[in-house]
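# Examination of the molecular architecture
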Amino acid sequence: LFPYTTLFRSVALARALAIEPRLLLLDEPFGALDAQTRLMMQELLREAWLSTGTTLLFVTHDVEEALFLADRILIMSAKPGKIVEEIILPFDRERDIETLAEHPRYSEIKHHVLHRVRQEAKRHLG
């Protein structure tokens, strides 16, 4: 069965894309979902993005989600929120969640992003 949460979020995504926006802002849209539903929604969003060409500004704290969905990652400072680094991802847009981690640079980039985010958090708390 297709979970209701996924159905409602799918409809919301379709409604947002129906007006053919040039830019769509998504702020932690899958944060409250269970792991399986989250994965399904990530794949659905990726398919919609590839078919429409709409620019997505996707805010997430999940590094693996960012690596799967993004062309580039912008790391921000804590306060004030400023972009401190931009990472252009070397992955094809037609990536698959099950094989992405096999890319030669996946682990390196994931480690780097986690390190930078921790640095920014420490700077803010320190």
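Treat the numbers as computed from the prediction; the structure is a model and nothing was measured. (Residues numbered from 1 in each chain as written. Predicted model: local features only at pLDDT ≥ 70, side-chain atom pairs only at ≥ 80, totals over all residues. Heavy atoms only, no water.)

## Here we look at the pattern of salt bridges
Evaluated as defined, the whole model comprises ten salt bridges. The partner of Arg105 in a salt bridge is Glu108, and the shortest N-O contact between them spans 3.3 Å. The partly exposed category is assigned to Glu108, whose relative accessible area is 47%. Each of Glu85, Arg116, Glu120 and Arg123 takes part in a single network of salt bridges with overlapping partners. (Salt bridge = Lys/Arg side-chain N within 4 Å of Asp/Glu carboxyl O. Buried < 20%, exposed > 50% of the residue type's maximum accessible area, 1.4 Å probe, protein only.)

## What about a nonpolar patch on the surface?
There is a patch of nonpolar side chains on the surface, built from Leu23, Leu25, Leu57 and Val59 and spanning about 360 Å² of accessible area. Listing elements by their share of the nonpolar patch, those giving two or more residues are β1 (23-27) and β2 (55-59). Within the secondary structure, Val59 is located in strand β2. Since its relative accessible area comes to 32%, Val59 is described here as partly exposed. (Patch = residues over 30% accessible without salt bridge, like charges linked within 9 Å, V, L, I, M, F, W, Y side chains within 5 Å. Areas by Shrake-Rupley, 256 points an atom, 1.4 Å probe, with all protein chains shown as cover. Helix = DSSP H or I, 4+ residues; strand = E, 2+ residues; numbered from the N terminus.)

## Points about the environment of Glu120
Mapped onto the elements, Glu120 comes out in helix α4 (residues 106-125). Judged by its relative accessible area of 4%, Glu120 is buried. For the pair Glu120 and Met40, spaced 80 residues apart in sequence, the C-alpha to C-alpha distance is 31 Å. Leaving out residues up to four positions away in the same chain, Glu120 has contacts with Met76, Ser77, Ala78 and Val84. (Contact = heavy atoms within 4.5 Å.)

## Description of the nonpolar core
Judged by nonpolar contacts, the single largest core of 24 residues is most densely connected at Leu67, Ile73, Ile87, Leu89, Phe91, Ile109 and Val113. Here this core gets five residues from one element, more than from any other, and that element is helix α3 (residues 63-69). Leave out the neighbours within four places in its chain, and Ile73 touches Ala66, Leu67, Glu85, Glu86, Ile87, Leu89 and Val113. (Core = buried A, V, L, I, M, F, W, Y, C linked by side-chain atoms within 4.5 Å.)

## Here we look at the side chain of Thr54
Within the secondary structure layout, Thr54 lies in the loop between α2 (35-52) and β2. The exposure class of Thr54 is buried, given its relative accessible area of 6%. A polar contact of 3.3 Å, which involves the side chain of Thr54, links it to the backbone oxygen of Pro21. (Polar contact = N/O pair within 3.5 Å; in protein donor to acceptor, adjacent residues only side chain to side chain.)

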